[in-house]
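Summary of structural features
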Amino acid sequence: MIPSLVVDVASPSPVYEQIRSQIAAFVRTGVLREGDRLPTVRALAADLGIAVNTVARAYQELQAAGLVRVARRHGTVVTVPPDVRDVSDLRHMAEVLSTRAAAQGVDHETVLALVTEALRRSAGQSGASA
């Protein structure tokens, strides 16, 4: 089953994009795995209180990105493209970081700033852009 999705109708980001990006993140981080089924378009629309076409657009975008396949009688199923690596070790390190930061009373913004700076330094060393 899909983890909870959160949509903010007041956000400047379209609702279909909010859904698409959250599901894509679930796939890329291993929360959703190959073969997991997504709710039907109608069921997810009803759960989120949004239009069916909005969910359909999100699913179409996910299918175009190769993250799901839509098949009659089988519904929408997660597919993990070859470029999506197993990040379970990174998820574990993030959980450790989060736990340690909370134990030391470090706020979320500081933790995010520290990680962002580390990513920038790493990108600078490898010649990649962050």
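Description of the structure in this document. (Residues numbered from 1 in each chain as written. Predicted model: local features only at pLDDT ≥ 70, side-chain atom pairs only at ≥ 80, totals over all residues. Heavy atoms only, no water.)

**Quick notes on the environment of Val-77**
Structurally, the position occupied by Val-77 is in strand S3 (residues 75–78). Once the C-alpha coordinates of Val-77 and Glu-34 are considered, the two residues, 43 residues apart in sequence, prove to be 7.7 Å apart. With residues near it in sequence (within four places) discarded, Val-77 still touches Gly-35, Asp-36, Arg-37, Leu-67, Val-68 and Arg-69. (Helix = DSSP H or I, 4+ residues; strand = E, 2+ residues; numbered from the N terminus. Contact = heavy atoms within 4.5 Å.)

**Quick look at the sheet that holds strand S2 (residues 68–71)**
Pairing is antiparallel across the open sheet formed by three strands, whose spatial order is S1-S3-S2. The open sheet terminates on both sides in strands that have one partner only, identified here as strand S1 (37–38) and S2. Here S2 runs beside S3; their pairing, made up of four bridges, is antiparallel. Its bridge partner being in S3, Arg-69 is matched across the sheet by Val-77. In the packing of helix H3 (residues 52–64) onto the sheet, the strands contacted are S1, S2 and S3, and the crossing angle to S2 comes to about 115°. (Pairing = 2+ DSSP bridges. Axes fitted to C-alpha atoms, helices over the stretch in contact; angles between N-to-C directions.)

**Quick look at the pairing of S3**
Regular strands place side chains that alternate from one sheet face to the opposite one. Taken together, the two bridges between S1 and S3 define a ladder with antiparallel strand orientation. Bridge pairing in S3 links Leu-38 to Thr-76. In textbook terms, the turn of a hairpin is the stretch between consecutive antiparallel strands, and for S2 and S3 this stretch comprises three residues, one of which, Arg-73, has a positive phi near 70°.

**Some details on a nonpolar patch on the surface**
The grouping of Leu-97, Val-115 and Leu-119 at the surface amounts to a nonpolar patch, some 250 Å² of accessible area in total. Inspection of the secondary structure puts Leu-119 in helix H5 (residues 108–126). (Patch = residues over 30% accessible without salt bridge, like charges linked within 9 Å, V, L, I, M, F, W, Y side chains within 5 Å. Areas by Shrake-Rupley, 256 points an atom, 1.4 Å probe, with all protein chains shown as cover. Salt bridge = Lys/Arg side-chain N within 4 Å of Asp/Glu carboxyl O.)

**A look at the packing of aromatic side chains**
Applying the stated rule across the entire model yields zero aromatic pairs. Of note, Arg-57 hangs over the ring of Tyr-16, and the distance from its end group to the ring centre comes to 3.9 Å. (Phe/Tyr/Trp six-rings, centres within 6.5 Å; stacked < 30°, edge-to-face > 60°. Lys NZ or Arg CZ within 6 Å of the ring centre and 35° of its normal.)

**Some points on the pattern of salt bridges**
With the rule as written, the count across this model stands at three salt bridges. Of the charged contacts in the structure, one is a salt bridge between Arg-20 and Glu-17, with a shortest N-O distance of 2.6 Å. Of this pair, Arg-20 and Glu-17 both sit in helix H1 (residues 15–28), three residues apart, roughly one helical turn. Assessed through its relative accessible area of 22%, Glu-17 is described here as partly exposed. Arg-121 is the salt-bridge partner of Glu-117, the closest N and O atoms lying 3.8 Å from each other. Placement of the pair is Glu-117 and Arg-121 together in helix H5, with a separation of four residues, close to one helical turn. Assessed through its relative accessible area of 36%, Glu-117 is described here as partly exposed. (Buried < 20%, exposed > 50% of the residue type's maximum accessible area, 1.4 Å probe, protein only.)

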